[in-house]
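Listed below, chain by chain, are the residues.
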Amino acid sequence: MDKFLKRKHDSSTDSASTNTSNVNDDTFNDENKIKKVAEIIAKQLKPYTIAESLILPACSEIVQIMFGDDAKKEIMKIPHSDDTIKNRIIHMSDDIEKTITNKLTTNKLYFALQIDESTDISGIAHVLGFVRFIDENKIVNQFLCCKQLTERTTGQNVFDSISSYLDKFNITWDQCVGICTDGAPSMVGSIKGFTTLAKKKNPNIISTHCFLHRESLISKTLPITLKSILDKIVSMVNFIKSRPLQSRLFKKLCESMETQHVCLLLHCEVRWLSRGKVLNRILELKNELLMFFQNEDNTVFISFLTDDIWCVKMAYLADIFNYLNSVNAGMQVTNTNMYGMQTILCYTFIV
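Numbering of residues starts from 1 in every chain and runs along the sequence as written. Per-residue local features of the predicted model are confined to residues with pLDDT of at least 70, and side-chain atom pairs are confined, for both listing and counting, to 80 or more; whole-chain, interface and lining totals are unaffected and use all residues. Side-chain metrics rest on all non-hydrogen atoms present in the structure, leaving aside hydrogens and water.

A few points about the environment of Phe-250
Under the convention used in this document: Under the DSSP-based scheme used, a helix requires at least four consecutive residues in state H or I and a strand at least two consecutive residues in state E, with every element numbered from the N terminus. Two residues form a contact once any of their heavy atoms are found within 4.5 Å.
For Phe-250, the position within the fold is in helix H11 (residues 244-256). Here the alpha-carbon distance between Phe-250 and Ile-240, two residues 10 residues apart in the chain, equals 7.6 Å. The contact partners of Phe-250, leaving out residues within four places of it in the chain, are Ile-240, Val-262, Cys-263, Leu-264, Leu-285, Glu-288, Leu-289 and Phe-292.

Quick look at the environment of Phe-143
Selection rule: For each residue, the accessible area found with a 1.4 Å probe, counting protein chains only, is set against the maximum for its type, and the residue is called buried under 20%, exposed over 50%, and partly exposed in between.
In this structure, Phe-143 sits in strand E3 (residues 138-149). Residue Phe-143 is classed as partly exposed on the basis of its relative accessible area, which comes to 37%. Here the alpha-carbon distance between Phe-143 and Leu-128, two residues 15 residues apart in the chain, equals 8.3 Å. In this view, Phe-143 contacts Leu-128, Gly-129 and Phe-130; residues no more than four positions away in its chain are not counted.

As for the packing of aromatic side chains
Keep this limit in mind: Any two rings among Phe, Tyr and Trp, with Trp reduced to its six-membered ring, count as a pair given centres within 6.5 Å; such a pair is stacked if its planes are under 30 degrees apart, edge-to-face if over 60, and tilted if neither.
Overall, the coordinates contain 11 aromatic pairs when judged by the stated rule. Look at Tyr-165 and Phe-169: their rings are 5.2 Å apart centre to centre, the planes differ by 65°, and that puts the pair in the edge-to-face class. In this structure Tyr-165 comes out as buried when scored by relative accessible area, which is 4%. Among the residues examined, Phe-169 registers a relative accessible area of 18% and is labelled buried. Ring-pair connections join several aromatic residues into one group, and the members of that group are Phe-239, Phe-250, Phe-292, Phe-293 and Phe-301.

Remarks on the pairing of strand E1 (residues 111-119)
Formally: Pairing between two strands requires that DSSP report at least two bridges joining them.
Taken together, the nine bridges between E1 and strand E2 (residues 125-135) define a ladder with antiparallel strand orientation. Its bridge partner lying in E2, Glu-117 is registered against Val-127. The hairpin formed by E1 and E2 contains five residues between the paired strands, and Gly-123 there has a positive phi angle of roughly 85°. Sheet topology places E1 next to strand E4 (residues 176-181); four bridges connect them, and they run parallel. Within E4, the position partnered with Gln-114 by the bridge is Cys-180.

Digging into the pattern of salt bridges
Short version of the rule: Any carboxyl oxygen of Asp or Glu that lies within 4 Å of a side-chain nitrogen of Lys or Arg is treated as forming a salt bridge with it.
A full pass over the atoms with the stated rule returns two salt bridges. Taking the shortest distance from any N to any O, the salt bridge between Asp-135 and Lys-103 comes out at 2.9 Å. Linking Asp-135 in strand E2 with Lys-103 in helix H5 (residues 82-106), this pair joins segments that are 32 residues apart in sequence. Note on Asp-135: relative accessible area 14%, which makes it buried. By relative accessible area, which is 28% here, Lys-103 ends up partly exposed.

Pasting the structure below:
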């Protein structure tokens, strides 16, 4: 500390007496460090990582300037508080929610909802809501809410959850002009579906079926021969990925052969793009898989990978899903509308 104060005193004295740039090298180094701190503050303004990317680096630089490297090492030992990050995320979420709901309530804006119900890996059901509205001649798409369904996941439960959320902010169903959902019975049921219950509150609501869900349903209708190939590929992946020892051995084999990828991808029905990615990865690592199964003496998988007709069908299936994935990703764009989606789908079927 005395060293820092002395250096600061010497610099101020030189400036007051001579008003020139005759300062020592240490002062230049300190100025560079201060500039570095300023650059960190300017570039790392990301609230969700503010503790690890802004506060701690800035404090460590300040402490290093004032007390030296030993003090910096002690500062770097400070753990990042989970509560600090959690509270910051909660504040961000509350601010977004407050901004959106205030616009809808104060200006009585008409809006459209996109509702989907899903269950996470822990078995807890959630209903997700996205909102779209026009604000000052701009189309705004924003995440609205995520509500947990504690009991059943029927249309009535979904409707009660969304309706209670809208009532909390004094948003009426009369402002809702459209609802987009998937084709699940709990959403589009003619008696107790979510859209049916919403139309009882506002008969003018227009309900639509999500384009992405339609495209996903189309990709599930595979011929038996192609469906069996996909099942066999999933079995190969599970044979390796479900066993930690096999995964490590396969990774070591790929590293020894200097391949671009060293692991396989798991297929998940919820993630629509996973099938195409799994198939492409299998094609890229086909030779490595064949060698691995030969080492494991797995005659079943060896027979598939050495069959030229089977491999051609696998490549054909990979091309199909690769094309469907590109269409799916092309429809997940911002600032578009129903006509743009229809254009993409029509172009798909024409090609």
